Amino acid sequence: MLDPEDGAIEAMASYPSFSPSLFTEPIPKREYQRRFGPARGSPLLNRVLAGQYPPGSTYKPFVAASGLHREIVTTDRFYPCPGSWVAPFNESDPEAVQYLFNNWTSADLGSMNMAEALAVSCDTVFYPMGYQY
């Protein structure tokens, strides 16, 4: 958690956790693996600092802001929110691959304006916007 005033880290947590007191004495390799290995979720991995995760919905407000700034989208227009979106094929590139991008739900959520798309976190509203830049 960050302080919105100055960006200072106020709190952070990684799960699963472990007790540092377990390291007050030597631990045999087999016991170490049992307590801290993949079967236990690798608790020594600090997911806050070392985890690598896709940006998820954090990119949507920036794509929306850029689209609005460039006048590619508007706040009063409605955009489809299908279960998936296919990036257009680039015919000038012989090795181009067509990609299918899925929404967080396979359901077609219908059409919605920008505010609704942000509120329901519709991925497939924002993929085409980002693609246009």
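Let me sum up the structure you'll find in this document. Worth saying up front: this structure is predicted, and the values here are computed from it rather than measured. (Residues numbered from 1 in each chain as written. Predicted model: local features only at pLDDT ≥ 70, side-chain atom pairs only at ≥ 80, totals over all residues. Heavy atoms only, no water.)

**Looking at the overall build of the protein**
Defined as follows: Counting from the N terminus, the helices are the DSSP runs of H or I reaching at least four residues and the strands are the DSSP runs of E reaching at least two. All radius of gyration figures rest on C-alpha atoms, and the globule criterion is 2.2 Å times the number of residues raised to 0.38. Exposure classes here rest on a 1.4 Å probe applied to the protein chains alone. A residue is buried below 20% of its type maximum, exposed above 50%, and partly exposed in between. Contacts are residue-level and defined by heavy atoms, with any inter-residue pair within 4.5 Å sufficient. Asp and Glu are treated as the negative residues and Lys and Arg as the positive ones, with His and the ends of the chain left uncounted. Charge positions are represented by NZ for Lys, CZ for Arg, CG for Asp and CD for Glu.
Counting secondary structure elements, the protein contains five helices and four strands. Secondary structure elements in the protein, listed N-terminal to C-terminal, are α-α-α-β-β-β-β-α-α. For a compact globule of 133 residues, the expected C-alpha radius of gyration is about 14 Å, and the protein comes in at 22 Å, more than 25% above that figure. When the backbone C-alpha atoms are referred to their principal axes, the protein occupies close to 65 × 45 × 30 Å. For the protein, with 133 residues in total, the buried portion stands at 21%. Across the protein, every contact between residues at least 6 apart in sequence was considered, and the portion connecting residues at least 24 apart equals 53%. Put simply, the protein has 9 plus and 14 minus side-chain charges, and the middle of one group is 19 Å from the middle of the other.

**Observations concerning the state of the cysteines**
Going by this rule: By convention in this document, the label disulfide applies to cysteine sulfur atom pairs within 2.5 Å.
This model, assessed by the stated rule, comprises one disulfide. What pairs with C81 in a disulfide is C122, and their sulfur atoms sit 1.9 Å apart. Classification of the bridge connecting C81 and C122 rests on its S-S torsion, roughly 110°, and on that basis the disulfide is right-handed. Of the two residues, C81 is situated in the loop between β1 (79–80) and β2 (84–86) and C122 in the loop between α4 (114–120) and α5 (123–132); the sequence distance between them amounts to 41 residues.

**Description of the nonpolar core**
The line we're drawing: Here, nonpolar core refers to any group of buried Ala, Val, Leu, Ile, Met, Phe, Trp, Tyr and Cys residues whose side-chain atoms link them within 4.5 Å.
In terms of nonpolar packing, the biggest core is built from twelve residues, these being V63, A64, V73, Y79, C81, M112, M114, A117, C122, V125, F126 and M129. When residues of this core are traced back to their parent elements, those giving at least two are α3 (60–69), α4 and α5. With three residues, α5 is the largest single contributor of residues to this core.

**Details of the packing of aromatic side chains**
Where we set the bar: Centre distance within 6.5 Å is the pairing criterion for rings of Phe, Tyr and Trp, where only the six-membered ring of Trp is used; planes under 30 degrees apart are then read as stacked, over 60 as edge-to-face, and the remainder as tilted.
For the coordinates displayed, the defined rule picks out nine aromatic pairs. For the pair Y99 and F101, a centre-to-centre distance of 6.4 Å together with 50° between the ring planes defines the contact as tilted. Relative accessible area serves as the criterion here: at 30%, F101 is assigned to the partly exposed category.

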